[in-house]
Amino acid sequence: MWFLNFFVVVAITWANFPVHYALWMLMVYLTDVWKLKLTDAAAIVNVFLGFQAIPQSFLLFSAHGLFGNYPVLLGSIFACCVGMGFLTMSTPPVLAKATGTCSAYQPECIGEGQRILFYIALALSALGAAGQAVSFPSFLVEQLGENANPPSIWFLQCVAVILFKAAAVLGFSYISPWSLWFGVPAICYTVAAFIFLSGSCTYKYVKPEGSPITTLFRVLAASISKLFYQLPTDASQLYNVSDRNRQYVPHTNGLRFLDKAAIILPGQTLEQQLRNRWRLCSIAEIEVTKFAIRTFPMSMTFILGGGL
């Protein structure tokens, strides 16, 4: 059964190649059809690629800390399907009659509705790519289990991927209208999505076991729950023991609001408070959260850098 699940799940990987190849030509589409300057087209494509990296942290938390890999993967597949469909509909010939515009691949034939569909399509496609990046590898390992590492399986996948890449590149060389350039990958991906859904009854569903990102949300929740408590003047009175290695971690003075998550409340024993992990966090966990918050502004530059 795992062998069948392997091919059903990997169908999404194969369908991603024509989608990626079509999206790779976005800059050509924007310069040839929209008649944008090269710098403007490059800015749109860079924002699209950079946006793929931003929601990955939240989606990783959702997959490993809340819902599991399957719901996140299913949602990302749906987002990509709708995104590619909207991208196809944003080309001039598809909605020419409905919008009252012309059907030529010219800037004057692109109405406001097509532009809105185009940008929504990019956002959904980026969200789908981000969701697959954080959930698909783990979901595939869950399905294969102990058979996740046989060299023959991965060799077979590599051969199939290479052949599919070659077929996609050769096939796209015979496609000229942009509506088909985006429409064919949309159809391929939709078929792959139905193939993926067909195996839903045989998949192994693993409950989320937690994620390092869960620590960030725990610290935020604990600090907010103790909003009206006063921080002790001596930081040594805070809970300063790591749950993992039982080692003390140096305390920093920045973002002191988060230190409230380590306040040991009076009237309850430490053992009682430790049972609720969303009410008491250690200094080690708080310092990890501080580091993540301090580096968050740097992650915003991924948009300008195209996610590189």
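A few points on the structure. (Residues numbered from 1 in each chain as written. Predicted model: local features only at pLDDT ≥ 70, side-chain atom pairs only at ≥ 80, totals over all residues. Heavy atoms only, no water.)

### Details of the packing of helix H3 (residues 38–51) against helix H7 (residues 112–144)
- Following both chains from N to C, one finds H3 and H7 inclined at 35 degrees, their axes separated by 8 Å at the closest point. Contacts between H3 and H7 involve Ile 44, Phe 48 and Phe 51 from the first element and Phe 118, Tyr 119, Leu 122, Ala 123, Ser 125, Ala 126 and Leu 127 from the second.
- Considered class by class, the residues forming the contact of H3 with H7 number nine nonpolar, one polar and no charged. (Axes fitted to C-alpha atoms, helices over the stretch in contact; angles between N-to-C directions. Helix = DSSP H or I, 4+ residues; strand = E, 2+ residues; numbered from the N terminus. Contact = heavy atoms within 4.5 Å. Nonpolar A, V, L, I, M, F, W, Y, C, P; charged D, E, K, R; others polar.)

### Quick word on the environment of Ile 293
- Mapped onto the fold, Ile 293 is located in helix H12 (residues 283–299).
- Judged by its relative accessible area of 32%, Ile 293 falls in the partly exposed class.
- Taking the C-alpha atoms as reference points, Ile 293 and Leu 255, separated by 38 residues in sequence, lie 9.2 Å from one another.
- Leave out the neighbours within four places in its chain, and Ile 293 touches Leu 255 and Leu 258. (Buried < 20%, exposed > 50% of the residue type's maximum accessible area, 1.4 Å probe, protein only.)

### Some words on a nonpolar patch on the surface
- Nonpolar side chains collect at one region of the surface, where Ile 224, Leu 227, Phe 228 and Phe 257 lie side by side and expose about 470 Å² of accessible area between them.
- Tracing the backbone through its elements, the reader meets Leu 227 in the loop between helix H10 (212–225) and helix H11 (270–274). (Patch = residues over 30% accessible without salt bridge, like charges linked within 9 Å, V, L, I, M, F, W, Y side chains within 5 Å. Areas by Shrake-Rupley, 256 points an atom, 1.4 Å probe, with all protein chains shown as cover. Salt bridge = Lys/Arg side-chain N within 4 Å of Asp/Glu carboxyl O.)

### With respect to the pattern of salt bridges
- Under the definition given, this model contains three salt bridges.
- The closest approach of N and O atoms between Lys 290 and Asp 259, which form a salt bridge, is 3.0 Å. Remark: Asp 259 occurs in the loop between H10 and H11 and Lys 290 occurs in helix H12; sequence separation between them is 31 residues.
- Between Lys 290 and Glu 287 there is a salt bridge; the shortest N-O distance is 3.5 Å.

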